[in-house]
Amino acid sequence: MSKTAPFLADSHCKCRLSACGLTLDISRQRLTDSDWSTLLNLAQRKDVIGAQKRMMHGAVVNPTEGRQALHTSLRSHSSDSPFYAQVQSVLSKMRDFAKAIRSGQWRGASGKPITDVINIGIGGSEKGPHAVYHALRAVNPAIRVHFLSTVDGILLDRILGTVNPEQTLLIVSSKSFSTRETKVNAEAAIEWLKLSGIDTPQALAKHVVLATAKPEAYQEMGLPRDNQFDFWPWVGGRFSVWSAVGLPLVVALGPEVFDEFLAGAYEMDCHMLEAALSDNLPLTLALLSYWDMTQLSIRSHCLLPYDERLRELVPWLQQLEMESLGKSSGLDGCDIKGPTGQAVWGGNGNESQHSFYQWLRAGSVRSSMDLVWCAKSGHLHAHHHDVLTANARAQAEALIHRENESEHYFNAVSTIEIDELTPKTLGALMAMYEHKTTMLATLFGINAFDQPGVEYGKKLCREIEAKMRGE
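Re empty space enclosed by the protein
Any empty space left between atoms is shown by rolling a water-sized probe over those atoms. As enumerated under the stated definition, the model contains three cavities of 30 Å³ or more in all. Here the largest cavity is characterised by a volume of approximately 80 Å³. Residue lining of the largest cavity: Q29, L285, L288, S289, D292, H301, Q342, S368, D370, S414 and K436, and that is the complete set. Going through the elements one at a time, α11 (281-294) and β12 (366-376) are the ones with two or more residues in the lining of the largest cavity. The leading source of residues in the lining of the largest cavity is α11, at four residues.

Structure representation (structure tokens):
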């Protein structure tokens, strides 16, 4: 690469794409219009959109486990979508349950209304709901959600020490219902309820519900069948926020908010399937990421939201991309030569300017990044929003310029402007990144839906824990 590395803005290529309340600007990406045409031809040759369609129609795309990946069915408005009736049945049950809690019809065992929800889950059972709740929660919510994820007793104590057991609902969320951290935390939280006098099966049933794909989980917990909200083996954990894993959101934010969130994701699904390749937002992100990895040797990708509400999207995206794309063998079982995914990290953009931007802008590194901001603020402090947005726009420029131009160290920047952060645009944004991830898997010829490295760690942990107990 020369010292005068080309930007897409230097070509006559279309650099601003808009859909679903989002505007993507790729003018600061490092390629020419000829390079971009080559990438679009690659997408055609690899039939990337066709692969997405086959996934959405129910093809087995996870050969490791012999499973489909139908997270798009969870938000579909089309009755032709696979498992449509089952999905709508669970959504209806979730809405009814949330309405009962929010209206005071469902109360704790002592008759007091529910004011706090503890989501007990880790990985995909925490990161998606946490990101959405942080983005859409009220300043002083009537129902607060607390996320008990790590099996560190400090977090357990800090959460339990701030809530009233008589007004607390536990939502235990686990696809397999065998995740060790979740089971240990659930046992501790239920013991806390029992020590507070909520110690009969009838009383506990007012304070504990489950979200799981294991049909008999409610029996293991001694709960009524109605206390279990089902999802299915074809829902991957990191793609599961749209399922019963989102129950805390329906309860705390309201069914109408969750429905809008699903609607925004469905709108992005339709855009992904119907838009021309050159106008397709998730495909554009996937192709640029592929280019950055394979042609520019950029192994690091930063998500930099200039909006406090989007702070928790960083760990969500980190899991989504790194767990999906962190593979070294292809669908054919052969070793992959070269990268299949980037190291995804980041932080609140404005704070990060005073933390690691020096490394991004002047360090001996190559990085790609997405800067995200909202055109309309979510508050009444107009001056704050002007200063924040000015920082975002300034850094989009500053991050691609260096005092000493280098052919070795540089950045490639995309910006995403959200018209206004609503449940609908948030759903569209998250669905866009999901499609980017599965499209990259198609481009690299890997399985986006298994995680053998994670499973191996779980196995070793069980063995070491047994030795520590002397078993």
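Let's talk about the packing of α11 against helix α16 (residues 423-444)
Closest axis-to-axis distance for the α11/α16 pair is 8 Å, and the angle between their directions is 50°. Between α11 and α16, the angle is such that the two are oblique. As α11 runs across α16, the sense of the crossing is right-handed. Residues L281, P282, L283, L285, A286, L287, S289, Y290, M293 and T294 of α11 form the contact with α16, whose own contacting residues are M432, Y433, H435, K436, M439, L440, L443 and F444.

Notes on the environment of T425
Inspection of the secondary structure assignment puts T425 in helix α16. The sequence separation of T425 and G21 amounts to 404 residues, and the corresponding C-alpha distance is 6.0 Å. Ignoring any residue separated from it by four or fewer positions in sequence, one finds T425 in contact with C20, G21, L22, I418 and E420. For T425, the side chain forms a polar contact with the main-chain nitrogen of T422, separated by 2.9 Å.

What to know about the packing of aromatic side chains
Applying the stated criterion to the full structure yields 12 aromatic pairs. Aromatic side chains W345 and W359 sit 5.7 Å apart centroid to centroid with 75° between the ring planes, which places their arrangement in the edge-to-face category. Here W359 lies in helix α14 (residues 357-362) and W345 lies in strand β11 (residues 343-346), a separation of 14 residues in the sequence. On the accessibility criterion, W359 (41% relative accessible area) is partly exposed. Connected via pairs of aromatic rings, a cluster forms that spans W345, F356, Y357 and W359. The ring of W242 carries R75 above its face, with NZ or CZ at 4.6 Å from the centroid. Of note, K206 hangs over the ring of W106, and the distance from its end group to the ring centre comes to 4.8 Å.

A short note on the sheet that holds strand β9 (residues 228-230)
Spatially, the five strands line up as an open sheet ordered β6-β5-β7-β8-β9, and their pairing is parallel. A strand with exactly one partner marks an edge of an open sheet, and here the two such strands are β6 (144-148) and β9. Each adjacent strand pair in this sheet contributes to an overall mean axis angle of 20°, direction not counted. Most of the contacts of helix α5 (residues 153-160) go to β6, to which it runs at about 165°, and overall it touches β5 (116-120) and β6.

Here we look at the environment of L273
When you line up the elements, L273 lands in helix α10 (residues 255-274). In this structure, the C-alpha to C-alpha distance between L273 and I418, residues 145 residues apart in sequence, is 21 Å. Apart from the residues within four sequence positions on either side, L273 is in contact with I49, K53 and M56.

Thresholds, definitions, all that
- Residues numbered from 1 in each chain as written.
- Predicted model: local features only at pLDDT ≥ 70, side-chain atom pairs only at ≥ 80, totals over all residues.
- Heavy atoms only, no water.
- 1 Å grid on protein atoms, 1.4 Å probe; cavity = no way out; pocket = protein on both sides within 12 Å on 5 of 7 lines; lining within 4 Å.
- Points joined across faces, edges and corners; volume = space filled by probe spheres on them.
- Helix = DSSP H or I, 4+ residues; strand = E, 2+ residues; numbered from the N terminus.
- Axes fitted to C-alpha atoms, helices over the stretch in contact; angles between N-to-C directions.
- Parallel < 35°, antiparallel > 145°, perpendicular 65-115°, else oblique.
- Left-handed = near helix turned anticlockwise from the far one by under 90°.
- Contact = heavy atoms within 4.5 Å.
- Polar contact = N/O pair within 3.5 Å; in protein donor to acceptor, adjacent residues only side chain to side chain.
- Phe/Tyr/Trp six-rings, centres within 6.5 Å; stacked < 30°, edge-to-face > 60°.
- Buried < 20%, exposed > 50% of the residue type's maximum accessible area, 1.4 Å probe, protein only.
- Lys NZ or Arg CZ within 6 Å of the ring centre and 35° of its normal.
- Pairing = 2+ DSSP bridges.

Interpretation in functional terms is not warranted from these geometric data alone.
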